[in-house]
Amino acid sequence: QVQLVESGGGLVQAGGSLRLSCAASGGTFSRYAMGWFRQAPGKEREFVAAISSSGLGTYYGDSVKGRFTISRDNAKYTMYLEMNSLKPEDTAVYYCAAQYGSLRARPSEYAYWGQGTQVTVSS
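Residues numbered from 1 in each chain as written. Predicted model: local features only at pLDDT ≥ 70, side-chain atom pairs only at ≥ 80, totals over all residues. Heavy atoms only, no water.

1. As for the sheet that holds strand 1 (residues 3–7)
Spatially, 1-3-8-7 is the arrangement adopted by the four strands of the open sheet, whose pairing is antiparallel. With partners counted over all chains shown, the strands left at the sheet margins are strand 1 and strand 7 (68–73), one partner each. Sheet twist, expressed as the mean angle between neighbouring strand axes with direction ignored, is 15°. Taken together, the five bridges between strand 1 and strand 3 (residues 18–25) define a ladder with antiparallel strand orientation. Bridge assignment links V5 to a residue of strand 3, and that residue is A23. (Pairing = 2+ DSSP bridges. Helix = DSSP H or I, 4+ residues; strand = E, 2+ residues; numbered from the N terminus. Axes fitted to C-alpha atoms, helices over the stretch in contact; angles between N-to-C directions.)

2. Some details on the pairing of strand 4 (residues 33–39)
Burial analysis of strand 4 places six of its seven residues in the buried class, the great majority of the element. Looking at chain direction, strand 4 and strand 9 (residues 92–99) are connected through seven bridges and run antiparallel. Residue pairing across strands places G35 opposite A97, the latter belonging to strand 9. Pairing between strand 4 and strand 5 (residues 46–51): five bridges, direction antiparallel. Directly across from R38, in strand 5, lies its bridge partner E46. Two successive antiparallel strands, strand 4 and strand 5, enclose a turn made up of six residues, where G42 displays a positive phi of approximately 75°. (Buried < 20%, exposed > 50% of the residue type's maximum accessible area, 1.4 Å probe, protein only.)

3. Describing the pattern of salt bridges
For the coordinates displayed, the defined rule picks out five salt bridges. Residue E82 is joined to R19 by a salt bridge in which the shortest nitrogen-to-oxygen separation is 3.8 Å. With E82 in strand 8 (residues 78–83) and R19 in strand 3, this residue pair connects regions lying 63 residues apart in the sequence. With a relative accessible area of 45%, R19 lands in the partly exposed category. (Salt bridge = Lys/Arg side-chain N within 4 Å of Asp/Glu carboxyl O.)

4. Comments concerning the state of the cysteines
Enumeration over the complete set of coordinates arrives at one disulfide. Bridging C22 to C96, the disulfide has an S-S length of 1.9 Å. Here the S-S torsion is close to -65°, and the disulfide linking C22 with C96 is therefore left-handed. Of the two residues, C22 sits in strand 3 while C96 sits in strand 9, which places them 74 residues apart along the sequence. (Disulfide = S-S within 2.5 Å.)

5. Notes on the side chain of R38
Here R38 lies in strand 4. Residue classification places R38 among the buried positions, given a relative accessible area of 4%. There is a polar contact of 2.9 Å between the side chain of R38 and the side chain of D90. In this view, R38 contacts E44, R45, E46, V48, S63, V64, F68, E89, D90, A92, V93 and Y94; residues no more than four positions away in its chain are not counted. (Polar contact = N/O pair within 3.5 Å; in protein donor to acceptor, adjacent residues only side chain to side chain. Contact = heavy atoms within 4.5 Å.)

Here's what the structure looks like:
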């Protein structure tokens, strides 16, 4: 199986930017489709973005389209989430996830998860 570790979270002002990273180990990274999810206090885990194993296919949740960009570097065993024009409602713990299959948007369809990284956007 693959182990995943997120990093890059922090506190930013509304309108600012952050880049999250997800480092993978213990598996064949290039064979996994990957995704980002987020969970705010008192809310269900929400789909943010997904990327195919090759990096050629991407899919975004409606709330982040046009603002966030998912990417991956298979040579570095790392996935990224570029977050721009951040809003207070983007505040959440962001999780990296992996599964051996095609693009998916439901948390239950992902087998492997990181520990999460906190993103806080102030007004």
